[in-house]
Amino acid sequence: MYDTHMHTRFSTDSTMSMEDAVRRAGELGLGIIITEHMDLNYPEPQAFIFNVDEYFDAYQPCRNDNVLLGIEIGMRGETEPDNRRIVEGHSFDYVIGSIHIVDGVDIYQESFYQGRTKQDVYSRYFSAMLDCVTKYDWIDSLGHIDYIARYARFQDVDIYLDEFREPLEKILGLLASRNKAMEINTRRLGDKKALEALIPIYRRFKELGGQFVTIGSDAHNPKDIGKNFEQAMSLAQICNLKPVFFRERRMEYWKEGV
Ligand SMILES: [Zn+2]
Ligand SMILES: [Zn+2]
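Draft legend 1. Helix H7 (residues 192-207), seen in detail. For H7, built from 16 residues, the straight-helix expectation of 22 Å at 1.5 Å per residue is met to within 8% by its first-to-last C-alpha distance of 23 Å. The sharpest bend along H7 comes to roughly 25 degrees, located at Leu198, with the proline Pro200 sitting one to four residues further on. Those residues of H7 that are buried lie in contact with helix H6 (165-177), strand S8 (181-185), strand S9 (212-216) and helix H8 (229-238).

Here's what the structure looks like:
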């Protein structure tokens, strides 16, 4: 089994060392993929970007069957060519495409929600996601579809298929038609309500022809590695989706029986 999403010291918001990540993963019997943040044109200069050559120089010696080297691309329409060049120019094992910024604002920020309705904000989020998923046809997996629900300032932050059916169907259908994976990001899966809202979305992905999911904790410290994996496995099972990971950009199945 692989935890396919985590951040170490090359990510602006993490100080985790490779040694600590490897040690914790070893205790849990998990393989890991490191996926550092690359958000080109981030509103704050020099934040959420990293020197890819330094990353490979530092971590290449640690690379083995259980430790793979990936990247989490913060997708924005205008940075697609530069992101593509970065990915094509290096030997990543795995590429996550994520939405962190909408209309030039990090959706982590409170100002993104002030004076706006959930319908308005979430519609913009999904519209940006659809635009990017359309352009970024070279990613391996769509990261945390429920990212906005981590930070939104509404009473009910969950994403309901019925509430945002039109953009969601287009996003899921596009990923399915390209045989892409969808990530099950485990960060929010300890919350039963969040988990239940996600089931119809992943089930719809399957109905539209989707087959594969990646499971990732998005850990920024050792204790979060492998968190809520049981819930993620059961979500995959309920929706009849196959957990996979990527090595040298090629999809591999988890071994039978785990
Ligand atoms: Zn992310
Ligand atoms: Zn992440």
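Draft legend 2. Inspection of the packing of aromatic side chains at higher detail. By the definition in use, this model includes 21 aromatic pairs. Where Tyr122 meets Phe164, the ring centres are 5.6 Å apart and the plane angle is 25 degrees; that geometry is what we call stacked. Pair noted here: Tyr122 is in helix H4 (residues 118-135) and Phe164 is in the loop between helix H5 (147-151) and H6, with a separation of 42 residues, a long-range link. An identical accessibility class is assigned to Tyr122 and Phe164; each is buried. Arg116 extends its terminal NZ or CZ atom over the ring of Phe112, reaching a point 4.9 Å from the ring centre.

Draft legend 3. Structural context of the coordination of the zinc ion (ligand 2). For the zinc ion (ligand 2), the protein coordination sphere consists of His5 (NE2), His7 (NE2), Glu72 (OE) and Asp218 (OD), at 2.0 to 2.2 Å. In this structure, the zinc ion (ligand 2) is surrounded by four donor atoms whose angles at the metal cover 80 to 171 degrees, and the resulting shape is irregular. For the pair the zinc ion (ligand 2) and the zinc ion (ligand 1), the metal-to-metal distance amounts to 3.3 Å, and Glu72 bridges them. Side by side, His5 and His7 carry an identical accessibility label, which is buried.

Draft legend 4. Region of the structure containing the coordination of the zinc ion (ligand 1). Donor atoms from the polypeptide that bind the zinc ion (ligand 1) are Glu72 (OE), His100 (NE2) and His144 (NE2), placed at 2.1 to 2.2 Å. Mapping the donors of the zinc ion (ligand 1) onto the primary sequence gives the spacing E-x27-H-x43-H. With a relative accessible area of 1%, His144 lands in the buried category.

Draft legend 5. Focus on the sheet that holds strand S3 (residues 67-74). Strand order across the open sheet formed by nine strands is S1-S2-S3-S4-S7-S8-S9-S10-S11, with mixed pairing between neighbours. Looking at the sheet topology across the chains shown, the edges are occupied by strand S1 (2-3) and strand S11 (250-253). Of the pairings in the sheet, the one linking S8 to S9 comprises five bridges and is parallel in character. From the neighbouring strand, Ile184 faces S9, where its bridge partner is Ile215. Across the face of the sheet, H8 comes into contact with S1, S8, S9 and strand S10 (242-247) while running at roughly 175 degrees to S9.

Draft legend 6. Summary view of the pattern of salt bridges. Going through the model one piece at a time under the given rule, you end up with 28 salt bridges. One salt bridge in this structure joins Glu207 and Arg204, with 2.7 Å as the shortest N-O distance. Placement of both Glu207 and Arg204 in helix H7 is noted, with a separation of three residues, approximately one turn of the helix. As a salt-bridge pair, Lys223 and Asp224 come within 3.7 Å of each other at their nearest N and O atoms. Because the salt bridges share partners, they merge into one network encompassing Asp146, Asp156, Asp158, Arg188 and Lys193.

Draft legend 7. Fine view of the environment of Ala21. Tracing the sequence through the fold places Ala21 in helix H1 (residues 18-28). Placed 15 residues apart in sequence, Ala21 and Met6 show a C-alpha to C-alpha distance of 8.8 Å. When neighbours within four sequence positions are excluded, Ala21 is seen to be in contact with Met6, Met16, Ile32 and Ile225.

Draft legend 8. Molecular detail of the environment of Arg204. Residues Arg204 and Asp57, spaced 147 residues apart in sequence, show a C-alpha to C-alpha distance of 41 Å. When sequence neighbours within four positions are dropped, the list of residues in contact with Arg204 reads Leu161, Arg165, Glu169 and Leu172. Polar side-chain contacts of Arg204 include one of 2.6 Å to the side chain of Glu169.

Draft legend 9. Representation of the packing of H4 against H6 in the model. At their nearest, the axes of H4 and H6 sit 9 Å apart, and the two run at 20 degrees to each other. Considered as vectors, H4 and H6 are oriented roughly parallel to each other. Relative to H6, the crossing made by H4 is left-handed. Facing H4, whose interface residues are Phe126, Met129, Leu130, Val133 and Thr134, H6 presents Pro167, Leu168, Lys170, Ile171, Leu174 and Leu175. Tallied by class, the residues present in the contact of H4 with H6 amount to nine nonpolar, one polar and one charged.

Draft legend 10. Examining the pairing of S10 more closely. The buried count for S10 comes to five of six residues, which makes it a mostly enclosed element. When S9 meets S10, the two strands line up parallel, connected through two bridges. Counterpart to Val213 in the pairing with S10 is Pro243. You can see the chain leave S9, run along H8 and come back into S10, and the turn it takes is right-handed.

Rules behind the numbers
Residues numbered from 1 in each chain as written. Chains lettered and ligands numbered in written order. Predicted model: local features only at pLDDT ≥ 70, side-chain atom pairs only at ≥ 80, totals over all residues. Heavy atoms only, no water. Helix = DSSP H or I, 4+ residues; strand = E, 2+ residues; numbered from the N terminus. Expected span 1.5 Å × (residues − 1). Bend = angle between axes of the 7 residues up to and from the residue. Contact = heavy atoms within 4.5 Å. Phe/Tyr/Trp six-rings, centres within 6.5 Å; stacked < 30°, edge-to-face > 60°. Buried < 20%, exposed > 50% of the residue type's maximum accessible area, 1.4 Å probe, protein only. Lys NZ or Arg CZ within 6 Å of the ring centre and 35° of its normal. Donors = N, O, S within 2.8 Å, 3.2 Å for Na, K, Ca; no water. Tetrahedral: all angles 85-135°; square planar, octahedral: opposite > 155°, others 65-115°. Pairing = 2+ DSSP bridges. Axes fitted to C-alpha atoms, helices over the stretch in contact; angles between N-to-C directions. Salt bridge = Lys/Arg side-chain N within 4 Å of Asp/Glu carboxyl O. Polar contact = N/O pair within 3.5 Å; in protein donor to acceptor, adjacent residues only side chain to side chain. Parallel < 35°, antiparallel > 145°, perpendicular 65-115°, else oblique. Left-handed = near helix turned anticlockwise from the far one by under 90°. Nonpolar A, V, L, I, M, F, W, Y, C, P; charged D, E, K, R; others polar. Right-handed = clockwise from strand over helix to strand, strands pointing away.

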